[in-house]
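# Observations on the three-dimensional arrangement
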Amino acid sequence: MATGTSRNRLRRLAIPTLVLALITGTTGVAGAASAAPAGSPGDGSSAGYFTAGSDRKVTLTDGADRRPGGNRAATPKAAVDETGSGMYVVELAEDPLTTYTGGVSGLARTRPAAGNRLDVTSAPSQAYRRHLDAQRGAVAAAAGVTVNAVYTTAFNGFSAKLTAQQVSTLRADKRVRAVTASQALGTPSAPPSAPAATAATPKSATPSGAQESAPTDRAAGRPVTPGVGTGAGMVIGVLDTGIWPESASFAKKMAAPATWRGTCQTGVAFVAEHCNGKIVGARYFADSWLAYGGSVPDGEVLSPRDMAGHGTHTASTAAGLSLPNVTIDGRDFGPVSGVAPDAQIAVYKVLWGGMGYDADIIAGIDAAVADGVQVLNFSIGSQLGDWEANTPIGVAFLNATLAGVFVAASAGNTGIVSGAISNAAPWVTTVGAAVTKRDEATVKLGDGTKLVGGSLDALPGVGALPMVFGDQAGSPDLGAVYCEPGSLDPAKIKGKVVACALYDMFGSAAEIKAKGGAAMVVFDPVGNYRINSIFNFPVVYLPTEKQAGTLFNYLMRHPTDATASLRTGGDGSSVPGIPSVADFSSTGPDKVTLGVFKPDLVAPGSDIIAAVSPAGNFGRSYDAYSGTSMASPYVAGAAAILRATHPKWSPGAVASALRTTATDTVGTSNPLEQGSGFINLAGAKDPGLVIEPTAADLVTFSETTQPDGKELNLPAISLREYDGTQPVTVTRTLTNVGETKETFRSSVSGLPGMRATVSPASVTLAPGKSATVTITLRRGSAPWDRYVTGAITWQGKAHSARIPVAARPWGITPRPYADDGEEFGRMTNGAFGNLQPGFTGPLAGRSTGYTPMRRTSYSMPAGVYGGVFDPGATGVKKIDFTVPANTAGIVVEANTADPNTNLDLYLYKGDTLVYSSDRFWTSAEQAYKFLPEPGRYTAYVFAQYPGGPVVDFEVGHAIIGRNATYAGAELTLPSTSERGQGLNFTLKPNKPLPEGDFWAYTEYRTNGTVVPGNLVYTQQSSWQ
């Protein structure tokens, strides 16, 4: 996983110029900018390589358009303008067909009974729909509104272009539940320019007979056994960019299920024959996009046809036919199969150029439920995750769930930012991505250093080859540092391995291949995500900042005699193990809702080979994508198998079975990262117990402005901001879905410092019977304002069910994110300190008093101007500190008086990066750690931009003992606290301090309970 330390790089403005575009749903490389201009040389060895002012971006792209000129994701017009006018989604007060239980005179219930399906063609459904139509017409007429899209099945309402006055009128109408400005979502990033790509002409694909074989599922690395849970009879609805119907993954004629009510909507390059039964239905939704945007993006077509690849990839991952092998650019990549190869696919194209309005997405959900899908896949999300609970899309998914439709959705690809989870509603199964194949490659440099990265290409493997840095083999003004198209000199790269900074990997590979280079090694100066693509050229990607520093500085030391050998395989160091959580996978907790645990689980989502659209993928029919977009359809396919195996199971039972049987990943057992763990489909088929919330509780949750889900009967416990001075009690209801009577005994694992009890400790259940248990959690000695995690397991003779637990007692600051080194609210000024306690009661405090920041001056020779950090490089100063036990905090600062020098600061403990401070353009850097582990710490000061051949700077550090006594200070604070109410305090020195900076530690007490407080500073200047 991405560490909290790496997350601090978000504060950085432009050093290097590769910045992360945090977008849900896609993986790859994108951006456009002029080449970095040359800078003033530091030691004469090089010009500035990574310079401010660029808009270069590194993004995930699991399937945006790769055609020439067609590789820009659509950017829809803002739905609402500054006056408040624009596109809105209007939810009406009455229930849609999925949830209407009666109450209107003369209109019978339409909500299906548990285990039954919604029949939109029944007489009660038709009558109630006419009623909703009439009510909608009356509401619209009263407000003078022209309706755009209409929803009646999973959502009751409409979309429309509204003026601000119409919004006010509708919100005042008692027949209206909510009026929400439309939002844009999608798989929004586009990959790099692809001059080598060719648009494909649709052609008929004939079945290869591959469905008769028993291949290995490339996505999962597991065998697919015909006749054992292959999803037959199930329909998976895919809300995405459409489908490429000619793919061999869909080339099988199948009869539509008896309950299927859908249609095959024709359009540009899409005819009725494309719905062959494997593709049982197809529709597209662009009313809101067209109403507000005017036209679809260039390269798109108004039909269900996929012109990008993302929708085809997700559909085939979920339910593609089993194929004995696939070839990509002439190379054999072995067998490929969807998770549920006998399930059928219903296509709902709701994205255009990778983006779409929620108004169109809701129309797709509404249609899918009416059509009769059993499972929905939603590999779509928003930038930086959800920002509010119970969105219109969330409500539509709730109503779909209540009608018996299982919803799988991607968690997002913003692993660098904790809490940036998409699709976090508790009735949605939110899926993170796991690495299930190493796909490693090794670069051995001429000095013997080995760097293990990733590759899906055939590598030379012929011994050492000469290596050259792109910047030294072409025109800097044309972007040679990134090996941009047109930037390299053929005479300087012929037969050589070319090293390039990460920008546009496809464009760079094409440039090197066209000009006679032997291979490409890509390094990432800011450290990003471990992903691979297929380039049809020898490419190795080194994803970490540490690797970038090693390679860059080797090249600087060997400008004319660098060599490298490239081989497939490595030592396993590129990932913690298999399976492990992908570093790009969004991590919990849900930052919007208390008591909800996300992600729910992880599934294969890295280097997944599946069918794609040739039009958007260099003419390829199959390709490798990475992202939680790939993991979600894996779970959708698994859910289809479970629903086929257990037709009476509810969506909640399916979700519980998948979660309680999941297994730990390698490298972490933290549920904030892995959820319940890695999917275990075999175990989920026979889970023994299920834990699922009631429909009434979910509806109540959806109607609450600030819902708390800790009492929902979910197979997890999340206590994000609980009062650590009081015990917390929750209940869970366990239901035996096995075939025999069984006794389940509870046990607690993990949760260091917490005391957890389950009562009764064991339950004996006959098949179909339930029991409610009470779980009490007490903080004990667990740390404040930090998560502790663990699990509760119910072990029977034949079954085991595990639920994860994550608890963060609120001490002095509420914070919805993970514990990653950023102690929000922890650092404060003694003249006007503040805190926000999570407890109510008497309040007392103490302080250590102030200890000075000890400063030392240093000089060092400059390194490369605009270079990359490497601990052993020139231009880096190493300074060691010993941190004793019982230390409250360590603070390290670096600064220089030279306005032309930019310093960066890295704090390590051993080989582990604790904190990085690398803001541009400033040399006032600060790294800190609250309640650090004792031991040896090392600060590295890096002159990223030296102002001359010698760099003069100053380093200050303060180590604040938790129980130490320093220069006396008076702590003034209120005598009582109220949970959630901010309060102010002051910490004033008892007597004047000498000139300089000083740090102190405060600690608080309430009813005998000690709560760690703040790191407090004061500054004494000579003019004071």
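Here the structure is a predicted model, which means the values were calculated and not measured.

### Remarks on the overall build of the protein
The helix and strand tally for the protein stands at 15 helices and 57 strands. Looking at the protein residue by residue over its 1024 residues, the buried ones come to 61%. Counting only contacts in the protein whose residues sit at least 6 apart along the sequence, the fraction spanning at least 24 positions is 76%. Approximately 34,800 Å² of the protein is accessible, and the part contributed by carbon and sulfur atoms is 51%.

### Quick look at the sheet that holds strand S51 (residues 935-945)
Read across the sheet, 4 strands follow the order S46-S51-S48-S49 without closing on themselves; strand pairing throughout is antiparallel. Two strands close off the open sheet at either side, each with one partner strand: strand S46 (876-883) and strand S49 (912-917). Here the average twist between neighbouring strands, direction ignored, is 25°.

### Brief notes about the packing of helix H5 (residues 310-319) against helix H11 (residues 628-645)
Packing of H5 against H11 brings their axes to within 7 Å, and their N-to-C directions diverge by 35°. Here H5 runs over H11; the crossing is right-handed. Across from His310, His313, Thr314, Thr317 and Ala318 in H5, the residues of H11 making contact are Ser629, Met630, Pro633, Tyr634 and Gly637. When its residues are assigned to classes, the contact of H5 with H11 shows 4 nonpolar, 6 polar and no charged.

### Things to note about the packing of helix H6 (residues 358-371) against helix H7 (residues 392-402)
Direction vectors running N to C along H6 and H7 enclose 5°, while the axes themselves pass 10 Å from each other. Our classification of the angle between H6 and H7 gives roughly parallel. For the pair H6 and H7, the contacting residues are Asp358, Ile361, Ile362, Ile365 and Val369 in the first and Pro392, Ile393, Ala396, Phe397 and Ala400 in the second. By residue class, the composition of the contact of H6 with H7 is 9 nonpolar, no polar and 1 charged.

### Re the pairing of strand S55 (residues 983-989)
Here strand S41 (residues 833-835) runs beside S55; their pairing, made up of 3 bridges, is antiparallel. Across the sheet, the residue bridging to leucine 835 is leucine 983, located in S55. Where strand S53 (residues 969-972) meets S55, 4 bridges bridge the pair, whose relative direction is antiparallel. Looking at S55, one finds that glutamate 970 is bridged to lysine 988.

### Remarks on the layout of surface pockets
Taken as a whole, the second largest pocket spans an internal volume of roughly 720 Å³. Taken together, 40 residues make up the lining of the second largest pocket; nearest its centre are Thr401, Ser650, Pro651, Gly652 and Glu692. Of all the secondary-structure elements, those providing two or more residues to the lining of the second largest pocket are H7, helix H12 (651-660) and helix H15 (695-702). Ranked by the residues each element gives to the lining of the second largest pocket, the list is headed by H12, at 5 residues. Class assignment of the residues belonging to the lining of the second largest pocket gives a composition of 22 nonpolar, 10 polar and 8 charged.

### Points about the sheet that holds strand S5 (residues 147-151)
Reading across the sheet, the 4 strands line up as S5-S6-S4-S7 and stay open at both edges, with antiparallel pairing between neighbours. Each edge of the open sheet is held by one strand with a lone partner, namely S5 and strand S7 (176-181). Ignoring strand direction, the axes of neighbouring strands in this sheet form an average angle of 20°. Bridge count for strand S4 (residues 86-92) against S7 is 5 bridges, and the pairing is antiparallel.

### What to know about H6
For H6, spanning 14 residues, the distance from its first C-alpha to its last is 19 Å, which sits close to the expected 20 Å at 1.5 Å a residue. Taken across its 14 residues, H6 has 14 buried, putting it largely inside the fold. Glycine 372 occupies a position one or two residues after H6 and carries a positive phi of about 105°.

### Observations regarding the nonpolar core
By size, the foremost hydrophobic cluster in this structure holds 76 residues, and its most contacted members are Ile236, Phe406, Ile512, Val635, Leu658 and Ile679. The biggest single contributor to this core is H11, with 9 residues. The contact partners of isoleucine 512, leaving out residues within four places of it in the chain, are Cys483, Leu488, Ile493, Val498, Cys500, Gly517, Ala519, Met520 and Phe537. By size, the runner-up hydrophobic cluster in this structure holds 54 residues, among which are Leu107, Val120, Leu185 and Ala367.

### A word on the packing of aromatic side chains
Counting across every chain of the model gives 25 aromatic pairs. Ring geometry for tyrosine 151 versus phenylalanine 155: centroids 5.6 Å apart, planes at 80°, classification edge-to-face. Each member of the pair, tyrosine 151 as well as phenylalanine 155, carries the same accessibility label: buried. In textbook terms, an aromatic cluster arises when at least three aromatic residues are bridged by ring pairs, as seen for Phe869, Tyr906, Tyr908, Tyr940 and Phe942.

Cut-off values and rules
Along each chain, residues carry numbers from 1 onward, in the same order as the chain's sequence is written. Owing to the predicted nature of the model, reporting of local features is limited to residues with pLDDT of at least 70; listing and counting of side-chain atom pairs is limited to 80 or more, with chain, interface and lining totals taken over all residues. Hydrogens and water molecules were not included; the side-chain quantities draw on all heavy atoms of the structure. Helix numbering and strand numbering both begin at the N terminus, where a helix is a DSSP run of H or I of at least 4 residues and a strand a DSSP run of E of at least 2. Buried residues are those whose accessible area, probed at 1.4 Å on protein chains only, stays under 20% of the maximum for their type, while exposed residues exceed 50% and partly exposed ones sit between those limits. Any two residues whose heavy atoms approach within 4.5 Å at even a single point are treated as in contact. Each accessible area is a Shrake-Rupley result for a 1.4 Å probe, and residues are judged covered by the shown protein chains and nothing else. At least two bridges found by DSSP between two strands are what make those strands a pair. For every element, the axis is a line fit to its C-alpha atoms; helices are fit only across the contacting stretch, and the angle between N-to-C directions ranges from 0 to 180 degrees. What makes a crossing left-handed is the near helix being turned counterclockwise from the far one by less than a right angle; a clockwise turn instead makes it right-handed. The nonpolar class holds Ala, Val, Leu, Ile, Met, Phe, Trp, Tyr, Cys and Pro. Asp, Glu, Lys and Arg form the charged class, and all remaining residues, Gly among them, are polar. Reported orientations rely on four angle classes, namely roughly parallel under 35 degrees, roughly antiparallel over 145, roughly perpendicular from 65 to 115, and oblique for the rest. Points on a 1 Å grid, built from protein atoms alone, make a cavity when a 1.4 Å probe fits but cannot get out and make a pocket when they are open with protein on both sides within 12 Å along at least 5 of 7 lines; residues with an atom within 4 Å of a point are the lining residues. Grid points are joined across faces, edges and corners, and a volume is the space filled by probe spheres set on the points. A helix is expected to span 1.5 Å multiplied by its residue count minus one. What is meant by a nonpolar core is a set of buried Ala, Val, Leu, Ile, Met, Phe, Trp, Tyr and Cys residues, joined one to another through side-chain atoms within 4.5 Å. Between the rings of Phe, Tyr and Trp (Trp by its six-membered ring), a pair exists once the centres lie within 6.5 Å; its type follows the angle of the planes, with under 30 degrees stacked, over 60 edge-to-face, and the other angles tilted.

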